[in-house]
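For reference, the chains in residue letters:
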Number of protein chains: 2
Amino acid sequence: MLSKKSKYSIKALVYLAREYDKGPVLISHISESEHIPKKFLEAILLELKNAGILGSKKGFGGGYYLIKKPEDVKLTQVIRLTNGPIALLPCVSLNFYQRCEECVDEKTCGISQVAMQVRDATLAILENTSISDVLKKEQTPAKNRK
Amino acid sequence: MLSKKSKYSIKALVYLAREYDKGPVLISHISESEHIPKKFLEAILLELKNAGILGSKKGFGGGYYLIKKPEDVKLTQVIRLTNGPIALLPCVSLNFYQRCEECVDEKTCGISQVAMQVRDATLAILENTSISDVLKKEQTPAKNRK
DNA sequence: CAATAGTCTATTAATCCGATAGAGTTTATA
DNA sequence: TATAAACTCTATCGGATTAATAGACTATTG
């Protein structure tokens, strides 16, 4: 499951993608429009800025804006940043690998083999979905849910 | 990410699948062999019993054993039981659905559309992988990791 | 009846999550 | 240059969850 932080991040980025190239956007605008607690959002945006995705301008007329192009911000990057590993198990994570303490031999561990399959299937989607893709989806509503 | 509980559950079930039809197995045997804290494992096995997957026998010569056939225990069932939702977001979960508070309209939410894709890809694997499949994988080591 | 082994209740420490408070710093502009 | 706007930083908070442990209890078997 994604954390709220992660979900909020994506929502905020999509919002900023909609305003791309229109100058800085106020935290409070995003907060109100997307129903995200303002102080929480502050921390999130700061983190996205430190990661090089957003830029900010202080003072009067300031705000946050996308520094990278919407199509260059992949969901994998955002999720890893705000939520951590994408894999089901640390021992199959590409970016957050940690040895499995219980395992005698990772190679013969059946669970990790399944976890790898899931990881690859998930990455295939998230690697190829950018913030601009998400924005596009919003504009063409889903045909059928579930 | 899967919780330790979930991972331990699967490891224990695979162990019991290996001993399928050979009578009850001691908690302490599983605990030692799989490096799972005994008391924690106790609670887990009890839960799997209450879910109808395992049976138990008390007293001398007692222990736990699989009640369902290894090929009938799907990973989806075990994970939902011990870890909760499989989906990335509650609003696209089939078994643990919860409305998304921030969303004005779920149908036009781009994130949930992506989350649905991921959910379906994940389920396609986990629905079709049983404890006996995991056991088989252990016997034929992975060719190439990562 | 005694030893074995699962059952139940409860408590714990540690961690993380989501959220908030408040002081500080930078900047535009009147 | 003073002021208000707006981001920045530190810090703290309650609550939930996770992982693990302790101990008393109950059922079974030889």
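Now for a look at the structure at hand. (Residues numbered from 1 in each chain as written. Chains lettered and ligands numbered in written order. Predicted model: local features only at pLDDT ≥ 70, side-chain atom pairs only at ≥ 80, totals over all residues. Heavy atoms only, no water.)

1. Quick word on the packing of helix α1 (residues 4-18) of chain B against helix α3 (residues 38-50) of chain B
All names here are of chain B.
1) Next: Look at α1 against α3: their axes get within 10 Å of each other, and the N-to-C directions meet at 70 degrees. The angle between α1 and α3 falls in the class roughly perpendicular. Mapping the contact onto sequence places Lys5, Tyr8, Ser9, Ala12 and Leu13 in α1 and Phe40, Leu41, Ile44, Leu45, Glu47 and Leu48 in α3.
2) Next: In the contact of α1 with α3, the residues fall into 8 nonpolar, 1 polar and 2 charged. (Axes fitted to C-alpha atoms, helices over the stretch in contact; angles between N-to-C directions. Helix = DSSP H or I, 4+ residues; strand = E, 2+ residues; numbered from the N terminus. Parallel < 35°, antiparallel > 145°, perpendicular 65-115°, else oblique. Contact = heavy atoms within 4.5 Å. Nonpolar A, V, L, I, M, F, W, Y, C, P; charged D, E, K, R; others polar.)

2. Digging into the protein's contact with DNA strand D
1) Next: Of all residues adjacent to DNA strand D, which total 26 residues, the nearest are Glu42, Lys49, Ser56 and Tyr64 of chain A together with Lys39 of chain B.
2) Next: Near the protein, meaning within 4 Å, the atoms of DNA strand D are sugar or phosphate in a fraction of 75%, with bases accounting for the rest.
3) Next: Serine 56 of chain A places a side-chain nitrogen or oxygen 2.8 Å from a phosphate oxygen of DNA strand D.
4) Next: At a separation of 3.3 Å, a phosphate oxygen of DNA strand D approaches a polar side-chain atom of tyrosine 8 of chain B.
5) Next: Of all the elements in the fold, those that place two or more residues in the surface near DNA strand D are α3 (38-50), β1 (54-57) and β2 (63-66) of chain A together with α1 and α3 of chain B.
6) Next: The element best represented in the surface near DNA strand D is α3 of chain A, accounting for 4 residues.
7) Next: Along the lines of polarity and charge, the residues of the surface near DNA strand D split into 10 nonpolar, 6 polar and 10 charged. (Near = heavy atom within 4 Å. Polar contact = N/O pair within 3.5 Å; in protein donor to acceptor, adjacent residues only side chain to side chain.)

3. Digging into α3 of chain A
All names here are of chain A.
1) Next: When the terminal C-alpha atoms of α3 are compared, their 18 Å separation across 13 residues agrees well with the 18 Å that a helix rising 1.5 Å per residue should span.
2) Next: Where α3 is buried, its residues touch α1 (4-18), α2 (27-34), β1, β2 and α4 (75-83).
3) Next: Positioned one or two residues after α3, glycine 52 has a phi angle of 85 degrees, which is positive. (Expected span 1.5 Å × (residues − 1).)

4. Looking at the interface of chain A and chain B
1) Next: Between chain A and chain B, the contact holds 50 residues from the first and 50 residues from the second.
2) Next: Of the charged contacts, one joins lysine 4 of chain A and glutamate 102 of chain B as a salt bridge, the two residues approaching to 3.8 Å between their closest N and O atoms.
3) Next: If you list the elements that add at least two residues to the side of chain A that touches chain B, you get α1, α5 (110-126) and α6 (131-139) of chain A.
4) Next: Top element by residues in the side of chain A that touches chain B is α5 of chain A. It accounts for 13 residues.
5) Next: Its residues assigned to classes, the side of chain A that touches chain B shows 27 nonpolar, 10 polar and 13 charged. (Salt bridge = Lys/Arg side-chain N within 4 Å of Asp/Glu carboxyl O.)

5. Overview of the protein's contact with DNA strand C
1) Next: Near DNA strand C there are 27 residues, and of these Lys39 of chain A together with Glu42, Lys49, Gly63 and Tyr64 of chain B occur at the shortest range.
2) Next: Backbone atoms, meaning sugar plus phosphate, form 77% of the atoms of DNA strand C positioned within 4 Å of the protein.
3) Next: The contact in question runs from a phosphate oxygen of DNA strand C to an N or O atom on the side chain of tyrosine 8 of chain A, over 3.2 Å.
4) Next: Residues that form the surface near DNA strand C fall into these classes: 10 nonpolar, 7 polar and 10 charged.

6. Some details on the layout of surface pockets
1) Next: Taken as a whole, the largest pocket spans an internal volume of roughly 390 Å³.
2) Next: Contributing to the lining of the largest pocket are 23 residues, with Met1 and Leu88 of chain A together with Met1, Ile86 and Leu88 of chain B lying nearest its centre.
3) Next: Taken together, the elements giving at least two residues each to the lining of the largest pocket come down to α4 and α5 of chain A together with α4 (75-83) and α5 (110-126) of chain B.
4) Next: The greatest single-element share of the lining of the largest pocket, amounting to 4 residues, is contributed by α5 of chain B.
5) Next: Broken down by class, the residue content of the lining of the largest pocket amounts to 18 nonpolar, 4 polar and 1 charged. (1 Å grid on protein atoms, 1.4 Å probe; cavity = no way out; pocket = protein on both sides within 12 Å on 5 of 7 lines; lining within 4 Å. Points joined across faces, edges and corners; volume = space filled by probe spheres on them.)

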